[in-house]
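Architecture and fold: a report
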Amino acid sequence: MWRRSFTTATATRAFKEKKWDALVIGAGHNGLTAAAYLAKAGLSVAVLERRHVIGGAAVTEELIPGFKFSRCSYLQSLLRPSVIKELELKRHGFKLLKRNPSSFTPCLDGRYLLLGPDKELNHSEISKFSVRDADAYPRYENQLENFCKFMDPLLDSPPPESLQGVSSLNDQFKDKIQKSAFWASFLRLALSIGQRDMVDFMGLLLSPASKVLNNWFETDVLKATLATDAVIGTTGSVHTPGSGYVLLHHVMGETDGDHGIWSYVEGGMGSVSCAIGNAAREAGAHIVTSAEVSEMLIDDSGAVNGVLLADGTEVLSSVVLSNATPYKTFMELVPNNVLPEDFIRALKYSDYSSATTKINIAVDKLPQFKCCKQSHPDAGPQHMGTIHIGSENMEEIHLANQDAVNGLPSRRPIIELTIPSALDKTISPPGKHVINLFVQYTPYSPSDGSWEDPSYRESFSKRCFNLIEEYAPDFSSSIIGYDMLTPPDLEREIGLTGGNIFHGAMGLDSLFLMRPVKGWSNYRTPLRGLYLCGSGSHPGGGVMGAPGRNAAHLVLQDVKSQ
């Protein structure tokens, strides 16, 4: 499915003979995005990918014959419209499949809640539980959309970081002008929102998601359904201060201009990376798989001079962009005693914890939910969107989190179940389906066992399947096979430090001017010529493309000024 730009042998010869204008470590979607922009600007670019396949966490793999899994990320909404347009991704095969309804929460008492882009459906569904909440829900969505519009301009440019290193008076003057323009624009946006909404916005950023949702709604199942967005991919609870921001982060995106709508990608999430990779190749970038970087090369002046591959090949360039996590980049790839001690200390104590497990399942039939009181082999509205299992009230989410706080995988895990094959007919054989389970909470190092123990892994997967069976009987009997990625698996196979899907926690202390560490938020690093372009940099995690695009623009700016 994924073609290489050239063979490893040819690549090795080319590397020995050429000094590249820029190298990119890692062919995840952000690395590919950076490569595409740099190549379009005329730079010679090589992308070096450790695995046999491009995509990083946005990857499609056929692990069971006939079944193509979006092995890590599984939904699309956050990819920046600027990236889609400027790289002409639709021309390169990028096709979105809108989900309607987009959410289904079954209840053990026989009721259920469907939500989606259809406002009349939402009002009808929520009214089954509370007319008051049904009336409040459009106002809630409208407020979040307004907050997203406020945040939107911040995503497509580097944070206004302080000047780093020695700079000329001219550079200092330009920097002051740029920062003044940024903060003036930011202030205009704040004024346009108004003080009342600005106070609500700050409340959302700082508050626990439970407080935000309790202030809006009274229905447990509605609050729990919405609260899952606030904890997904984190180790936090719905009661964790600041979890409201993660709620906002996951509604920032859009599908073809429809805000907050998440879609499947035809062919799986690897199709996102494939489309970006095709754009990069068309612009002249070279993408090489099975090319693991083992170390940065540093010249006598203390600047980056290329990389050393695991096979001993030196690849030369005075510009290197790393799509690896900040920890991997600075603690494992940069030689010792090169970076400032305070920078290393800040990085060392950054939060890379994870409690996320992804289970990808091949099944021979769709799950039939008891609450729907019907059995039909074809997909119904309940199969189209994200199916929330074990999330009937926020306290269930909190209790699942408390298990992990005590070192144990959740006794009743929180599961987001999706069935992309309900809409995408290219990823499974006729009549059979692909099911994704995004599961929380699973500590990296459980206190009652080890993820390296096959029986321990199987026990947890059965726990998840049994929970699903409470809502959809006979689910386990439909399973043909499955793939399971715990936090250590995500670290080992995909390169996500600690198994953290965001390349580092998305707490308020790790965003904007603080991401990845204070003083280095604008993709530059203390090592001259080395840049970050992955989710560990601003604006953070998700299949967004913004870090790659922003970093590439900054590199081009620096190259031009030399």
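Residues numbered from 1 in each chain as written. Predicted model: local features only at pLDDT ≥ 70, side-chain atom pairs only at ≥ 80, totals over all residues. Heavy atoms only, no water.

Describing the packing of helix 5 (residues 131-155) against helix 6 (residues 169-193)
As a reminder of what qualifies: As a rule, the C-alpha atoms of each element are fitted with a line to give its axis, helices using only the stretch in contact, and angles between N-to-C directions run from 0 to 180 degrees. Going along the chain from the N terminus, every DSSP run of H or I of four or more residues is numbered as a helix, and every run of E of two or more is numbered as a strand. With respect to orientation, any angle under 35 degrees is reported as roughly parallel, any angle over 145 as roughly antiparallel, any angle of 65 to 115 as roughly perpendicular, and every other angle as oblique. Only heavy atoms matter for contacts: two residues are in contact if any of them lie within 4.5 Å across the pair. We call Asp, Glu, Lys and Arg charged. Ala, Val, Leu, Ile, Met, Phe, Trp, Tyr, Cys and Pro are nonpolar, and the rest, Gly among them, are polar.
Between helix 5 and helix 6, the shortest axis-to-axis distance is 10 Å and the interhelical angle comes to 170°. Between helix 5 and helix 6, the crossing angle belongs to the class labelled roughly antiparallel. On helix 6, the residues touching F150, P153 and L154 of helix 5 are F182, F186, L189, A190 and I193. Taken together, the residues of the contact of helix 5 with helix 6 sort by class into eight nonpolar, no polar and no charged.

Regarding the sheet that holds strand 2 (residues 22-25)
For clarity, the cut-off: Whether two strands pair depends on DSSP finding at least two bridges between them.
What the five strands build is an open sheet, ordered 12-3-2-16-22; its pairing is parallel. This sheet does not close on itself; its edge strands, each paired only once, are strand 12 (286-288) and strand 22 (530-532). Pairwise comparison of adjacent strand axes, ignoring direction, gives a mean angle of 20° for this sheet. Bridge analysis of strand 16 (residues 320-322) against strand 22 gives three bridges, and the strand direction is parallel. Looking at the pairing, S322 lines up with L532 of strand 22. Packing of helix 17 (residues 546-561) onto the sheet brings it into contact with strand 16 and strand 22, and relative to strand 22 it is tilted by some 155°.

Section: the domain arrangement of the protein
Definition in use: By convention here, the domain bounds are inherited from an automatic or database domain assignment. When two parts are brought into contact, each loses some accessible area as probed by a 1.4 Å sphere; the total of that loss over both is the buried area. Any carboxyl oxygen of Asp or Glu that lies within 4 Å of a side-chain nitrogen of Lys or Arg is treated as forming a salt bridge with it. Polar contacts, as counted here, are pairs of nitrogen or oxygen atoms within 3.5 Å of one another; within protein the pair requires one atom able to donate a hydrogen and one able to accept it, and residues that are adjacent in sequence qualify only if both atoms are side-chain atoms.
The assigned domain composition of the protein is domain 1 (16-62 + 73-95 + 268-349 + 505-561) and domain 2 (100-261 + 352-494). The straight-line distance from the C-alpha centre of domain 1 to that of domain 2 is 26 Å. The interface of domain 1 with domain 2 comprises 37 residues on the first partner and 37 residues on the second. When the area that domain 1 buries against domain 2 is broken down by residue, the three leading residues are Y74, R80 and L508, summing to 23%. Where domain 1 touches domain 2, the interface holds three salt bridges. Counting across the domain 1 and domain 2 interface gives 14 residue pairs in polar contact (both at pLDDT 80 or more). Take the side of domain 1 that touches domain 2: its biggest share by element is four residues, from helix 17. Residue composition of the side of domain 1 that touches domain 2, by class: 19 nonpolar, twelve polar and six charged.

Some words on the pairing of strand 15 (residues 314-317)
Formally: Burial classification: accessible surface area is computed with a 1.4 Å probe over protein chains only, and a residue below 20% of its type maximum counts as buried, one above 50% as exposed, and the rest as partly exposed.
The alternating pattern of strand 15 places V315 and S317 on a buried face, while none of E314 and L316, on the opposite face, is buried. Two strands pair when backbone bridges link them, and strand 1 (residues 19-20) and strand 15 are joined in this way by two bridges, in the parallel orientation. Within the sheet, the bridge partner assigned to W20 lies in strand 15 and is S317. Bridge count between strand 14 (residues 304-309) and strand 15: three bridges; the pairing is antiparallel. Looking across to strand 15, one finds that L308 is bridged to E314. Between strand 14 and strand 15, which pair antiparallel and follow one another directly, the connecting turn spans four residues, one of which, G312, has a positive phi of 95°.

Thoughts on the pairing of strand 17 (residues 356-363)
With eight of its eight residues buried, strand 17 lies for the most part within the structure. Alternating residues of strand 17 divide into T356, K358, N360 and A362 and T357, I359, I361 and V363, and every residue in both groups is buried. Pairing of strand 17 with strand 20 (residues 433-440), which is carried by eight bridges, proceeds in the antiparallel orientation. Within strand 20, the residue paired with K358 across the bridge is F438.

Observations concerning empty space enclosed by the protein
Basically, it comes down to this: Two kinds of site are reported from a 1 Å grid over the protein atoms alone, namely cavities, where a 1.4 Å probe fits but cannot get out, and pockets, open sets with protein on both sides within 12 Å along at least five of seven lines, and residues are called lining when an atom falls within 4 Å of a point. Grid points are joined across faces, edges and corners, and a volume is the space filled by probe spheres set on the points.
Enumeration according to the criterion identifies three cavities of 30 Å³ or more in this entry. Approximately 90 Å³ is the volume found for the largest cavity. Lining of the largest cavity is provided by P326, S350, D351, Y352, H503, G504, A505, S510, R515, P516 and G536. Looking at the second largest cavity, its volume works out to about 60 Å³. In this structure, the second largest cavity is lined by K68, F69, S70, Y74, Y264, V265, G268, M269, P420, I427, V434 and N436. Of all the secondary structure elements, the ones that give two or more residues to the lining of the second largest cavity are strand 5 (67-70), strand 11 (263-265) and strand 20.

What to know about the nonpolar core
For clarity, the threshold we go by: Nonpolar cores are built from buried Ala, Val, Leu, Ile, Met, Phe, Trp, Tyr and Cys residues. Side-chain atoms within 4.5 Å join them into one set.
Counting 61 residues, the largest nonpolar core has Y140, F217 and L248 as the members making the most contacts within it. Among the secondary structure elements, those contributing two or more residues to this core are strand 8 (112-115), helix 5, helix 6, helix 7 (195-206), helix 8 (209-216), helix 9 (220-231), helix 10 (243-249) and helix 14 (394-405). The leading source of residues in this core is helix 5, at eleven residues. Two domains share this core, each providing at least three of its residues, namely domain 1 (16-62 + 73-95 + 268-349 + 505-561) and domain 2 (100-261 + 352-494). Among the nonpolar cores identified, the runner-up in size contains 41 residues, and L38, L79, I84 and V272 belong to it.

With respect to the side chain of S410
Relative to the elements of secondary structure, S410 occurs in the loop between helix 14 and strand 19 (414-418). S410 sits in the buried class, given a relative accessible area of 0%. Sequence-distant contacts of S410, that is, excluding residues within four places in its chain, are made with A400, N401, D403, Q440, Y441, F460 and R463.

What about the side chain of S70?
You can see S70 is positioned in strand 5. Judged by relative accessible area, which is 7%, S70 ranks as buried. S70 has contacts with V59, G268, M269, K358, N360 and N436, leaving out every residue within four places of it along the chain.

Things to note about the sheet that holds strand 20
With respect to topology, seven strands assemble into an open sheet ordered 8-7-18-19-20-17-21, the strand pairing being mixed. Each of the sheet's edge strands pairs with one partner strand only, and the pair in question is strand 8 and strand 21 (479-485). Neighbour-to-neighbour, the strand axes of the sheet open up by a mean angle of 20°, direction not taken into account. The strands that helix 9 touches are strand 7 (103-106), strand 8, strand 18 (386-389), strand 19 and strand 20; relative to strand 8, the one it contacts most, it runs at about 55°.

Quick notes on the layout of surface pockets
Of the volumes computed, that of the second largest pocket is approximately 1400 Å³. Contributing to the lining of the second largest pocket are 49 residues, with R524, L554, Q557, D558 and S561 lying nearest its centre. Ranked by the residues each element gives to the lining of the second largest pocket, the list is headed by helix 17, at nine residues. Tallied by class, the residues present in the lining of the second largest pocket amount to 18 nonpolar, 17 polar and 14 charged. When residues of the lining of the second largest pocket are assigned to domains, at least three map to each of domain 1 (16-62 + 73-95 + 268-349 + 505-561) and domain 2 (100-261 + 352-494).

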